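A look at the structure
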Amino acid sequence: MSNNQDIFQGLGLVEELDEQAGETITGGYEVFTITNRTGYNVSYLIDGTKTPAQYAKPNGSAVWTAYSGGIVKFDADGRAGYVQNKSYNLSNGSKYEFQYNYSTPGNPYDIELYKVA
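These notes cover the structure that comes with them.

Rules used in this analysis
Residue numbers here run from 1 along each chain, matching the order of that chain's written sequence. Reporting in this predicted model follows two pLDDT cut-offs: at least 70 for local features of residues, and 80 or more for side-chain atom pairs to be given and counted; totals over whole chains, interfaces and linings ignore these cut-offs and use all residues. Each side-chain value is worked out from all heavy atoms of the structure, with water and hydrogens disregarded. Secondary structure is summarised from DSSP: a helix means a run of H or I of at least four residues, a strand means a run of E of at least two, and numbering begins at the N terminus for each. A contact between two residues is defined here by any heavy atoms of the two lying within 4.5 Å. Only buried residues count toward a nonpolar core. Its members are Ala, Val, Leu, Ile, Met, Phe, Trp, Tyr and Cys residues joined through side-chain atoms within 4.5 Å. Each residue gets one of three labels from its accessible area relative to the maximum for its type: buried under 20%, exposed over 50%, partly exposed in between, using a 1.4 Å probe on protein chains only. Throughout this description, the term salt bridge denotes a Lys or Arg side-chain nitrogen within 4 Å of a carboxyl oxygen of Asp or Glu. Aromatic rings from Phe, Tyr and Trp, with only the six-membered ring used for Trp, were paired whenever their centres fell within 6.5 Å, and each pair was classed as stacked if the ring planes differed by under 30 degrees, edge-to-face if by over 60, and tilted otherwise. For two strands to be treated as a pair, DSSP must find no fewer than two bridges joining them. Orientation is described by lines fitted to C-alpha atoms, with helices fitted over the stretch in contact, and by angles between N-to-C directions that extend from 0 to 180 degrees.

1. Topic: the environment of Lys73
Checked against the element boundaries, Lys73 lands in strand E5 (residues 71-75). C-alpha of Lys73 to C-alpha of Gly48: the two residues are 25 residues apart in sequence and 7.9 Å apart in space. Excluding residues that lie within four positions of it along the chain, Lys73 makes contacts with Ser43, Tyr44, Leu45, Lys86 and Ser87.

Encoded structure:
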């Protein structure tokens, strides 16, 4: 290893450059599936892009290709007029479902996004 590589390695630049090169080689995108298993229309964004209405409806499903990180933001409260925003970084190749969150007794409107595969 040359002296320059030792210096860059010490600064953590080699790892960062390797990660950037890996993203460039793979295209820098993530693909995942989201399905709505609730009885509510679930409003959500993928990397800031609004979901087409047909995917947000009950039993709606979509395969997404995300080019800006794969961040989902959604309203975890199924009631109209109430908003409880949540955000997650989704994993490439995974499948997710909006489902009722039964871990919050007394709130039948609570929705969560679960990784199912």
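2. Notes on the nonpolar core
In this structure, Phe32, Ile34, Tyr44, Ile46, Phe98 and Leu113 are the most contacted members of the largest nonpolar core, which totals 17 residues. Of all the secondary-structure elements, those providing two or more residues to this core are strand E1 (30-36), strand E2 (44-46), strand E4 (61-66), E5, strand E7 (95-100) and strand E8 (111-115). It is E4 that contributes the most residues to this core, three residues altogether. With residues near it in sequence (within four places) discarded, Tyr44 still touches Ile34, Thr49, Lys50, Thr51, Tyr55, Ala56, Trp64, Val72, Lys73, Phe74 and Phe98.

3. A look at the pattern of salt bridges
Where charged atoms from two side chains of opposite charge approach closely, those side chains can pair. All chains considered together, the criterion is met by three salt bridges. As a salt-bridge pair, Asp77 and Arg79 come within 2.8 Å of each other at their nearest N and O atoms. Using a relative accessible area of 8% as the deciding quantity, one classes Asp77 as buried. Under the relative-accessibility criterion, Arg79 is labelled partly exposed at 28%.

4. Regarding the packing of aromatic side chains
Within a pair of aromatic rings, the relevant descriptors are the distance that separates the centres and the angle that separates the planes. Within the structure shown, the criterion is met by nine aromatic pairs. Taking the centre distance of 6.2 Å and the plane angle of 75° together, the rings of Tyr44 and Trp64 count as edge-to-face. Highlighted residues: Tyr44 in strand E2 and Trp64 in strand E4, separated in sequence by 20 residues. Each of the two residues, Tyr44 as well as Trp64, counts as buried. Here a set of aromatic residues connected by ring pairs shows up, and it is made of Tyr44, Trp64, Phe74, Tyr88 and Phe98.

5. What about the sheet that holds E4?
If you walk across this open sheet you meet the four strands as E4-E1-E7-E8, and the pairing is mixed. At either margin of the open sheet sits one strand with a lone partner, and together these are E4 and E8. Taken over all neighbouring pairs, the strand axes of this sheet differ in orientation by 25° on average, direction set aside. Relative to E7, E1 is paired through four bridges, and the arrangement is parallel.

6. Here we look at the sheet that holds E2
Strand order in this open sheet of four strands is E3-E2-E5-E6, and the pairing throughout is antiparallel. In the strand order of this sheet, the two ends are held by strand E3 (49-50) and strand E6 (85-89), each with one partner.

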